Structures are given as structure tokens and as C-alpha cells.
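Structure at a glance
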Amino acid sequence: MKILAIDTSGQQAGAAVAENGKTLGRTVAAAHTHPKEWRHSQILLPAIARLLNEAGLTLADIGCIAYTCGPGSFTGLRIGAATALGLAKGSGLPCVGVPTLDAMAYTKITSGETKVVPVMDARRGQVYAAVYKRDADGKMERVSDYFAAPIEEVTEIAGDAVIVNDAVDPAAVAAWAMENINPKPNEPDNAMPIQNAELLYIRAPQAVREATGKC
């Protein structure tokens with residue numbers, strides 16, 4: 001099954017197409033070039049169209065759409081989810097949200113027993129983080145809650161773990177989706193339902209925090 005993966009969780013807009021663990025195409029473009037200018041909505045759809053065209057594919061060739069569902073930029077996440085769900089519902093495809101930190105962990109966890117802590121900027125002196133471990137059998141699991149904390153606290157929690165602060169690779173979003181979603185190998189692609197947008201907000205949006213005095 002071919003998966004179209006979308007990432008708009010940070011300062012980039014990225015997309016990738018993968019099948020059976022192989023990346024067929026990938027594109028990433030800067031979407032935050034000015035402190036008050038976020039361009040995800042302007043560049044995401046053209047980037048997806050270009051990606052599919054260069055791979056010689058159309059949406060009819062795609063079996064599922066995956067998108068980063070958070071944590072991350074509140075505006076970026078909503079644009080990514082809306083784009084993914086719009087494409088999915090318009091073409092009758094299943095759609096799945098991928099936790100951003102999970103995708104980041106996939107970029108570093110390979111084989112053997114490995115502990116990884118992905119972190120991403122949460123502003124106000126904090127980072128979003130979670131702790132992951134891949135056991136000797138190759139199964140990756142998250143062994144902590146998602147949380148926001150100062151980087152010093154996260155470093156202490158991480159201990160000897162590998163800390164990942166790279167930008168999200170949309171190919172890793174596809175890899176997570178391929179390993180974690182239905183359908184099972186013996187089920188047809190249409191066994192997966194189209195989802196509603198479920199975004200993972202570890203903290204309340206800034207407007208809510210300011211309105212409630214919890215900044």
C-alpha cells in the first residue's frame with residue numbers, strides 16, 4: 001500500500017510517498033520565513049501535487065494519507081490536518097494522524113535495544129518530549145507520556161538516551177503509519193475508516209492561555 005504522508009508541525013511543510021518501507025518521493029520546503037508569516041497553506045498543496053507528479057502517481061494510486069497530528073505549531077497542525085482530511089474525503093481514502101514525536105523517534109531508532117527522546121521547541125523556555133525504546137525484538141514503544149518541560153529537565157530524564165531534535169522527516173511519518181495502522185496484511189485497504197481530525201495539544205493554544213492567565 002502506498003502512503004502519502006504530510007508534515008506541517010513545525011517551520012517546514014513536507015510530504016512523502018512510501019510503499020513497503022521504501023520512500024518513492026519526498027519534498028520539504030521552509031514554511032516559516034518570517035516571525036509572523038506562516039506559509040503552510042500556500043505551499044503544501046502545490047508541493048504534494050509536484051511530489052505525486054514527479055513520482056508518476058495520482059491520488060488514485062494512494063492507499064492511505066497520514067499527517068502529523070501534534071504536538072507542534074497550532075496553525076501548522078490545523079492546516080496539515082485539514083489538507084489531509086480534505087484529500088482523503090474527496091478521494092475516498094482512509095486517513096490517520098501520526099504523533100509528531102513518534103515520527104521523530106522513527107528517524108533514529110533502527111535495531112537493537114535503543115532509547116530515544118525526541119524534543120521539539122514548545123516556546124516559553126520549554127520543549128515537547130517523550131521517551132521511546134525499541135527492544136531486542138525490534139518493537140518500538142513509547143514508555144512515557146507526552147510532556148512539555150524545560151530542556152534541562154528533559155536532559156536529566158533522558159539520561160543516556162539519544163536526544164533527537166531534527167526536523168520531522170515526512171518519510172518517517174509514512175514509516176510510522178505503515179507499521180501502526182490497519183488494514184492488517186490480509187485485509188483490503190478500504191477496511192480502514194476515514195478519520196476525523198484529532199490533534200494532540202500537550203498545552204492549550206496561546207490564545208486560550210492568555211485568556212485564562214495561564215501563559
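Quick summary incoming for the structure in this document.

Thresholds, definitions, all that
Residues numbered from 1 in each chain as written. Predicted model: local features only at pLDDT ≥ 70, side-chain atom pairs only at ≥ 80, totals over all residues. Heavy atoms only, no water. Helix = DSSP H or I, 4+ residues; strand = E, 2+ residues; numbered from the N terminus. Expected span 1.5 Å × (residues − 1). Buried < 20%, exposed > 50% of the residue type's maximum accessible area, 1.4 Å probe, protein only. Pairing = 2+ DSSP bridges. Phe/Tyr/Trp six-rings, centres within 6.5 Å; stacked < 30°, edge-to-face > 60°. Lys NZ or Arg CZ within 6 Å of the ring centre and 35° of its normal. Core = buried A, V, L, I, M, F, W, Y, C linked by side-chain atoms within 4.5 Å. Contact = heavy atoms within 4.5 Å. Salt bridge = Lys/Arg side-chain N within 4 Å of Asp/Glu carboxyl O. Right-handed = clockwise from strand over helix to strand, strands pointing away. 1 Å grid on protein atoms, 1.4 Å probe; cavity = no way out; pocket = protein on both sides within 12 Å on 5 of 7 lines; lining within 4 Å. Points joined across faces, edges and corners; volume = space filled by probe spheres on them. Nonpolar A, V, L, I, M, F, W, Y, C, P; charged D, E, K, R; others polar.

1. What to know about helix 2 (residues 74–91)
Here helix 2 contains 18 residues, and its C-alpha end-to-end distance of 26 Å stays within 8% of the 26 Å for a straight helix at 1.5 Å per residue. If you check which residues of helix 2 are buried, you get Phe-74, Gly-76, Leu-77, Ile-79, Gly-80, Ala-81, Thr-83, Ala-84, Leu-85, Leu-87 and Ala-88.

2. Let's talk about the pairing of strand 2 (residues 12–19)
When you tally the buried positions in strand 2, you get seven out of eight residues, the bulk of the element. With six bridges connecting them, strand 1 (residues 2–7) and strand 2 associate as antiparallel partners. By the bridge assignment for strand 2, Ile-3 is matched with Ala-18. Taking the residues between adjacent antiparallel strands as the criterion, strand 1 and strand 2 are bridged by four residues. Examined bridge by bridge, strand 2 and strand 3 (residues 22–30) share eight bridges and lie antiparallel to one another. By the bridge assignment, Glu-19 is partnered in strand 3 with Lys-22. Between the antiparallel neighbours strand 2 and strand 3 lie two residues, among them Asn-20 with a positive phi of about 50°.

3. What about the packing of aromatic side chains?
Scanning the entire structure with this criterion turns up one aromatic pair. A cation sits over an aromatic face here: Arg-142 above Tyr-146, 3.9 Å from the ring centre.

4. Some words on the nonpolar core
Ranked by size, the top nonpolar core spans 26 residues in total, and within it Leu-101 and Ala-177 carry the most contacts. Counting residues per element, the ones that place at least two in this core are strand 1, strand 4 (64–70), strand 5 (95–99), helix 3 (100–106), strand 6 (114–123) and helix 5 (170–180). Filtering out sequence-adjacent residues up to four positions away, Ala-177 remains in contact with Ile-3, Ala-66, Val-96 and Val-98. In this structure, Ala-13, Leu-44, Ile-62 and Leu-87 belong to the second largest nonpolar core, which totals 23 residues.

5. Comments concerning the pattern of salt bridges
A pair can form between side chains of opposite charge whenever their charged atoms are brought close. Under the definition given, this model contains two salt bridges. Taking the shortest distance from any N to any O, the salt bridge between Lys-2 and Glu-19 comes out at 3.5 Å. Highlighted residues: Lys-2 in strand 1 and Glu-19 in strand 2, separated in sequence by 17 residues. With a shortest N-O distance of 2.8 Å, Arg-26 and Asp-169 are connected by a salt bridge. Here Asp-169 lies in the loop between strand 11 (162–164) and helix 5 and Arg-26 lies in strand 3, a separation of 143 residues in the sequence. For Arg-26, a relative accessible area of 48% translates into the label partly exposed.

6. Section: the pairing of strand 5
Remember that side chains alternate between the two faces of the sheet whenever the strand is regular. Burial within strand 5 is extensive, with five of its five residues counted as buried. Here strand 5 shows no split at all, with Cys-95, Gly-97 and Pro-99 on one side and Val-96 and Val-98 on the other all buried. Both strand 4 and strand 5 contribute to a ladder of five bridges, which runs parallel. Counterpart to Thr-68 in the pairing with strand 5 is Val-98. Where the polypeptide runs from strand 4 across helix 2 and back to strand 5, its parallel neighbour, the crossover connection is right-handed.

7. Some details on the layout of surface pockets
It is the rolling of a water-molecule-sized probe over the atoms that shows where space remains empty. Here the second largest pocket is characterised by a volume of approximately 180 Å³. Taken together, Asp-102, Tyr-106, Tyr-132, Lys-139, Met-140, Glu-141, Arg-142, Tyr-146, Trp-176, Glu-179 and Asn-180 make up the lining of the second largest pocket. Of the residues belonging to the lining of the second largest pocket, the class tally is five nonpolar, one polar and five charged.

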